[in-house]
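Observations on the model geometry
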Amino acid sequence: MVAQYAEDIYDHLRAAQGKAAPDPRYMETFQTDINATMREILVDWLVEVAEEYKLSSDTLYLSVWYIDRVLSVHPVPRAKLQLVGVTCMLVAAKYEEIYAPQVDEFCYITDNTYSRDDVLAMERTVLDALEFELTQPTIKTFLRRALRAAETDAKVEFLANYLCELSLLEYEMLRFAPSVVAAASVYLALATLSHTAWSATLTHYTALESGELAACVDALRRCHGDAQKSTLSAVREKYAQVKFKCVSLIKPMASAA
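Quick look at the structure, then.

Cut-offs used in this document
- Within each chain, residue numbers correspond to sequence positions counted from 1 in written order.
- With the structure being a predicted model, the display of local features is reserved for residues of pLDDT at least 70 and the display and counting of side-chain atom pairs for 80 or more, all residues being used for whole-chain, interface and lining totals.
- Note that water and hydrogens are dropped before the side-chain values are worked out from all heavy atoms of the structure.
- Helix and strand assignments come from DSSP, with helices taken as H or I runs of at least 4 residues and strands as E runs of at least 2, each series counted from the N terminus.
- The buried label applies to any residue whose accessible area, calculated with a 1.4 Å probe on protein chains only, is under 20% of its type's maximum; exposed applies above 50%, and partly exposed to all values in between.
- Here, two residues are considered to be in contact whenever any of their heavy atoms come within 4.5 Å of each other.
- Note on areas: Shrake-Rupley, 1.4 Å probe, and residue coverage restricted to the protein chains presented here.
- Counted charges follow a simple rule, with Lys and Arg positive, Asp and Glu negative, and His plus the chain ends left uncounted.
- Here the site of a charge means NZ on Lys, CZ on Arg, CG on Asp, or CD on Glu.
- A pair of aromatic rings is counted whenever rings of Phe, Tyr or Trp (Trp by its six-membered ring) have centres within 6.5 Å, and the orientation is called stacked for planes under 30 degrees apart, edge-to-face for over 60 and tilted otherwise.

1. With respect to the overall build of the protein
- If you tally the helices and strands in the protein, you get 13 helices and zero strands.
- Counted from the first residue to the last, the protein has its helices and strands arranged as α-α-α-α-α-α-α-α-α-α-α-α-α.
- Expressed as a percentage of the 257 residues in the protein, the buried residues total 52%.
- The long-range fraction of contacts in the protein, counting pairs at least 24 apart against all pairs at least 6 apart in sequence, stands at 79%.
- In the structure as shown, the protein presents an accessible area of about 12,500 Å², 51% of it carried by carbon and sulfur atoms.
- Side-chain charges in the protein split into 25 positive and 35 negative, and the spacing between the mean points of these groups amounts to 4 Å.

Take a look at the structure:
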């Protein structure tokens, strides 16, 4: 939309993504009552919530970023993990949506496990943990630019989006910067659909060489393969819809390109 500023904006976003990044090892070093599987179940459920309330993908990505940031600095008992999740989505919806769901709606989707007062109290905790820094570049921020640079078709676009949403579920993917996950998803989508490999144009606009993406591409390929048989099916079922060209039914690559 503002081509003359785009390069400067993305230089800033790439620098900003590392300044308040979640600790990629918080489960091992900080949290004592929750684990990566619980986080995966929570994110899978939040994908369903976002679909139910027709929230934007930006809200979903920002919600997960908030969750990981909170869990990096605030100990959470397993009984409160879902509360953290819905509260982070509430905050993200307020930030991203024109008409955000109300607090009572977030209570309702937890079968009223938590009260309005519980959510409002957790909102203060979340904002403190985030130090009121709500503006953060997410995977989706960088994915838009990578896809525009790829100049490809809708099927590649939807497959790249599917791979990125699968990455949200995987705690292990926190070791990769959002810009790297976004670029790797485009790389893998192109390779999976037998399109032209990583180009000089993509290198220019993502500031990443294909070699820098190898580890992330391989991790995404494993996510893609594991999703076919996972009992957590929200993302898979979402992208099995015709409006997304049924890209979750595409067979994963047997090995990284």
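2. A short note on the packing of aromatic side chains
- Going through the model one piece at a time under the given rule, you end up with eight aromatic pairs.
- Relative to Tyr171, the ring of Tyr26 has its centre 5.3 Å away and its plane inclined at 75°; by these criteria the two rings are edge-to-face. Here the residue Tyr26 occupies a position in helix α2 (residues 26–29), and Tyr171 occupies one in the loop between α9 (154–169) and α10 (178–192), the gap between them amounting to 145 residues.
- With a relative accessible area of 0%, Tyr26 lands in the buried category.
- In this structure Tyr171 comes out as buried when scored by relative accessible area, which is 4%.
- Members of the aromatic cluster, connected to one another through ring pairs, are Phe158, Tyr162, Tyr239 and Phe244.

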